[in-house]
Amino acid sequence: MKKILFLLLSIFLMQNYCLAKDTVQFDFPNNGWHQVESPDGLKSKKCFVPYNQSSENYTEMIVFSERILKNKGISPMVILHKQLGKDRNNYMDIAPEYVKQDMNDSILIWCSKSKSICSIERAFLGNEGVILVTYINKMPHYSQNLLTNWVNIIGSVKLYSPDNSKEKPLNLIEL
């Protein structure tokens, strides 16, 4: 009986160990972006800031994270909507605008004039869960051109799928 229990436990642990996280492919808009610790201390978030900025002192940040779903019926748009609820708790004056409303790939923008911050958030379907990409700007100009440019940049993030070539691209981020 102990052997069967041990075997089942080891199979269960091996299955969890073998689950791979997704990898995204992204070209930063200019040189100098580097990875920093998440401001909230979560290791599951991959945070990047421009040159000469840190996680404590930044004006711009791009955050990549992945939510592994227990219920496969939840779409990325639902996850993005839940994230928006959390954002509304911190920034009461936001009025979100959906730039792209697709169940499997959604993008929204919100700005808080009282806290002087803007955010572009995207949620899309990965192989292992829902991938969230967030651009945060703490010194927004509220310029339509600036926000449109960043919507295009955040929209260019894609799920990496290896091809037959032996060289891996340099612009990969493992979640």
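In short, a report on the structure. The structure displayed is predicted, hence computed values, not measured ones.

Read across the open sheet, the 3 strands follow the order E9-E1-E10; overall the sheet is antiparallel. If you trace the sheet from one side to the other, it starts and ends with strand E9 (158-159) and strand E10 (172-174), each paired once. Where strand E1 (residues 23-25) and E10 come together, 3 bridges link them in antiparallel fashion. In the sheet register, Gln25 faces E10, and the bridge partner there is Leu172.

Below, the discussion takes up unusual backbone geometry. Positive phi, normally seen in glycine, also occurs at Asn52, with a value near 70 degrees. By the secondary structure assignment, Asn52 is in the loop between strand E3 (46-49) and strand E4 (60-67). Using a relative accessible area of 63% as the deciding quantity, one classes Asn52 as exposed. Unlike most non-glycine residues, Ser116 shows phi in positive territory, near 50 degrees. The residue Ser116 is located in the loop between strand E6 (105-112) and strand E7 (117-125) in this model.

Parameters at a glance
Residues numbered from 1 in each chain as written. Predicted model: local features only at pLDDT ≥ 70, side-chain atom pairs only at ≥ 80, totals over all residues. Heavy atoms only, no water. Pairing = 2+ DSSP bridges. Helix = DSSP H or I, 4+ residues; strand = E, 2+ residues; numbered from the N terminus. Buried < 20%, exposed > 50% of the residue type's maximum accessible area, 1.4 Å probe, protein only.

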